[in-house]
Amino acid sequence: MVGPVAKILRDRWRYFHQARAMGVQICVLGCSHSPSTRRDTFTAAFCAAFAKLVDGTLPHSWDTTCRILEEDLGDVWRNGTITVDGTDALLGSGCVAQVYKGALRRTDGSTGAVALKVIHPNVGDNMVRDIELLSVLTSTLELVPSLRWLGLSAAVGEFEKLILDQVDMQREARNLEKFRSNFKHSAEVSLPRPFMEHTTRQVLVETFADGIPVSELLLHADTTVCTAVGEIICDSMLQMLFRHNFCHGDMHPGNILVRGLDRMPDGTLRRSADGERLGVTLLDCGIVTELSDVDQQNFTDVFSSIVQRDGALAGKLIYERSRKTDCTDPEGFTKGIAVIVDEALASGLRLEKLKVGELLARVLTMACVYRVQLESNFTSVALAIMVVEAMGRSLNPGQDLLLAATPYLIKRRLNM
């Protein structure tokens, strides 16, 4: 049986020649949803193929769901404390799990809507096999001396941790609790509340979130709404990076619902007539990125040098703080990074011009040429940013990341 990661690799290989013909550098293999958001880079058919991997995969049977719920929830399922109205309640199916809308009977006899996320059977075993396949692949690639400086083995190790965390619903519930705590004072960002007493490794029970998927905004909302939502999403990512050091690693359009909108009879979306504040609800928190204190400081310092428009300092910091290097020309590496940064800064890091994937590919190439190993967890952060960056470009192309990030960097410096 082919596992979910292997399916993604297979489908990416099908589109490899199409991507190459378009001049695209594919530098990272992994289970990210970024291709489905890159309509600025890939064809509509390419994006649609990857979008199906997000929430349109083949669901397992209702009988299998009932068996898992009975095994994991026991009497809570058998006595009707939690109910699901069969296959009609299925909201979507992804690579790891499928989600149902259900009802939870409270102690006072009232009921409330909940979402139940149920793991596909054997998905963990399949992922382990896929990770082993990736390990063999990277070990083979690292037989080429220059490719060793990509740190592929370390990246697979980081990827393994991220991807296997997805198959533990109790971990996702704890992630939800931490995100809710981090954004507890925010009026614009919210997350579902997990019911820890009913959550197991295979089943997550959480409050049901209403809202309109971000993907619908581009089709049915005007520019002012898209711009406002884009700013909220970008700001939430910057908070995760520089204030919380706890970053949602899977913020694709299907995992973000928008609140405060009304759907008109003609299908268009407008701000709510009742004055409800515009906001977003973040879903699917199985993948998170968290840096060590040292790595967080290094990341902040490099980003600060970019905000200061000092590409040479960024290159110097990357070289000096690399854990492994065999560079014989540090000055050449520093100048190379400076050129990449300075070219990116020429547009002020406006989303309509910025392409993080291409920048990352160029930096990785520079690291190979000069034998400077980049940190694998930095790459995980970069992948998370890539997904948000592509979505932000569609919603609010004029937004400048430098200006948006500056207040958080200043505040972090003052608190050091």
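Please refer to the structure placed before this passage.
Here's a quick rundown of the structure. (Residues numbered from 1 in each chain as written. Predicted model: local features only at pLDDT ≥ 70, side-chain atom pairs only at ≥ 80, totals over all residues. Heavy atoms only, no water.)

Let us look at the overall build of the protein chain. Helices and strands together make up the secondary structure of the protein chain, namely 16 helices and 13 strands. Within the protein chain, buried positions represent 52% of all 416 residues. The contacts of the protein chain with a sequence gap of at least 6 include a subset with a gap of at least 24, amounting to 69%. Carbon and sulfur atoms make up 53% of the accessible area of the protein chain, which amounts to about 19500 Å² in all. (Helix = DSSP H or I, 4+ residues; strand = E, 2+ residues; numbered from the N terminus. Buried < 20%, exposed > 50% of the residue type's maximum accessible area, 1.4 Å probe, protein only. Contact = heavy atoms within 4.5 Å. Areas by Shrake-Rupley, 256 points an atom, 1.4 Å probe, with all protein chains shown as cover.)

Let us now look at the pattern of salt bridges. Close approach of charged atoms allows side chains with opposite charge to pair. Applying the stated criterion across every chain yields a total of 14 salt bridges. Salt-bridge contacts for Glu-188 lead to Arg-277; the nearest nitrogen and oxygen are separated by 3.7 Å. Of the two residues, Glu-188 sits in the loop between helix 8 (169-182) and strand 5 (189-190) while Arg-277 sits in the loop between strand 11 (269-271) and strand 12 (279-282), which places them 89 residues apart along the sequence. We classify Glu-188 as partly exposed; its relative accessible area is 26%. (Salt bridge = Lys/Arg side-chain N within 4 Å of Asp/Glu carboxyl O.)

What follows is about unusual backbone geometry. One non-glycine residue, Asn-122, lies in the positive phi region at around 65 degrees. Inspection of the secondary structure assignment puts Asn-122 in the loop between strand 4 (111-119) and helix 6 (123-141). Backbone geometry at Asp-284 places phi at a positive 55 degrees, although glycine is not the residue there. Following the sequence through the fold, Asp-284 ends up in the loop between strand 12 and strand 13 (288-289).

Let's shift gears to helix 12 (residues 311-320). Taken residue by residue, helix 12 has Gly-311, Ala-314, Gly-315 and Leu-317 as its buried positions. Within helix 12, the buried residues cover an arc of 165 degrees as seen down the axis, which keeps them to one side. Buried positions along helix 12 lie against helix 11 (293-307) and helix 13 (330-345). (Arc of directions from axis to C-beta.)

The alternating pattern of strand 12 places Gly-279 and Thr-281 and Val-280 and Leu-282 on opposite faces, both of which are buried. For strand 5 and strand 12, the ladder comprises two bridges, and the chain directions are parallel. Bridge assignment links Val-189 to a residue of strand 12, and that residue is Val-280. Bridge analysis of strand 9 (residues 256-259) against strand 12 gives four bridges, and the strand direction is antiparallel. Considered in strand 12, the bridge of Val-258 is made with Val-280. (Pairing = 2+ DSSP bridges.)

For the rest of this paragraph, the subject is the side chain of Thr-334. Considering the arrangement of structural elements, one finds Thr-334 in helix 13. Not counting residues within four places of it along the chain, the set of residues in contact with Thr-334 comprises Ala-312, Gly-315 and Lys-316.

With that settled, consider the packing of helix 6 against helix 7 (residues 152-165). At a closest axis distance of 9 Å, the pairing of helix 6 and helix 7 adopts a crossing angle of 170 degrees. In this view, helix 6 runs roughly antiparallel relative to helix 7, as classed from their interaxial angle. Contacts between helix 6 and helix 7 pair Met-127, Val-128, Ile-131, Leu-134, Ser-135, Thr-138 and Leu-141 from the former with Leu-152, Ser-153, Val-156, Phe-159, Glu-160, Ile-163 and Leu-164 from the latter. Of the residues assigned to the contact of helix 6 with helix 7, the class counts are 10 nonpolar, three polar and one charged. (Axes fitted to C-alpha atoms, helices over the stretch in contact; angles between N-to-C directions. Parallel < 35°, antiparallel > 145°, perpendicular 65-115°, else oblique. Nonpolar A, V, L, I, M, F, W, Y, C, P; charged D, E, K, R; others polar.)

A separate point is the side chain of Thr-200. As for its position among the elements, Thr-200 is in the loop between strand 5 and strand 6 (203-207). A relative accessible area of 15% means that Thr-200 is categorised as buried. Among the polar contacts listed, one links the side chain of Thr-200 to the side chain of Asp-72, at a separation of 2.5 Å. For Thr-200, the residues in contact, after removing those within four places along its chain, are Asp-72, Met-169 and Gln-170. (Polar contact = N/O pair within 3.5 Å; in protein donor to acceptor, adjacent residues only side chain to side chain.)

Below, the discussion takes up helix 10 (residues 223-244). Taking 1.5 Å as the rise per residue, helix 10 with 22 residues should run 32 Å; its terminal C-alpha atoms sit 30 Å apart, in good agreement. Most of helix 10 sits inside the fold, with 16 of its 22 residues counted as buried. Asn-245 occupies a position one or two residues after helix 10 and carries a positive phi of about 50 degrees. (Expected span 1.5 Å × (residues − 1).)

Turning to the packing of aromatic side chains, a few remarks are in order. Per the stated rule, a full pass over the model turns up six aromatic pairs. Seen in terms of ring centroids, Phe-179 and Phe-246 are 4.7 Å apart; in terms of plane orientation they differ by 50 degrees. Their pairing is tilted. Note that Phe-179 is positioned in helix 8 and Phe-246 in the loop between helix 10 and strand 8 (247-248), a separation of 67 residues in sequence. Grouping residues by exposure puts Phe-179 and Phe-246 together as buried. Ring centres of Phe-333 and Tyr-370 lie 6.1 Å apart, and the angle between their planes is 70 degrees; on these two criteria the pair is classed as edge-to-face. Of this pair, Phe-333 sits in helix 13 while Tyr-370 sits in helix 14 (residues 356-370); the two residues are 37 residues apart in sequence, bridging distant segments of the chain. A relative accessible area of 0% places Phe-333 in the buried class. Using a relative accessible area of 22% as the deciding quantity, one classes Tyr-370 as partly exposed. The ring of Phe-208 has Lys-101 lying over it, and the distance from NZ or CZ to the ring centre is 4.4 Å. (Phe/Tyr/Trp six-rings, centres within 6.5 Å; stacked < 30°, edge-to-face > 60°. Lys NZ or Arg CZ within 6 Å of the ring centre and 35° of its normal.)

The next subject is the pairing of strand 3 (residues 97-105). Both strand 1 (residues 82-84) and strand 3 contribute to a ladder of three bridges, which runs antiparallel. Looking at the pairing, Val-84 lines up with Gly-102 of strand 3. Two strands pair when backbone bridges link them, and strand 2 (residues 90-93) and strand 3 are joined in this way by three bridges, in the antiparallel orientation. Considered in strand 3, the bridge of Leu-90 is made with Tyr-100. Here strand 2 folds back onto strand 3 in antiparallel fashion, the turn holding three residues. As defined by bridge partners, strand 3 adjoins strand 4 across nine bridges and the pair is classed as antiparallel. Bridge pairing links Ala-103 to Ala-113 in strand 4.

Purely geometric stuff here, so don't read any function into it on its own.
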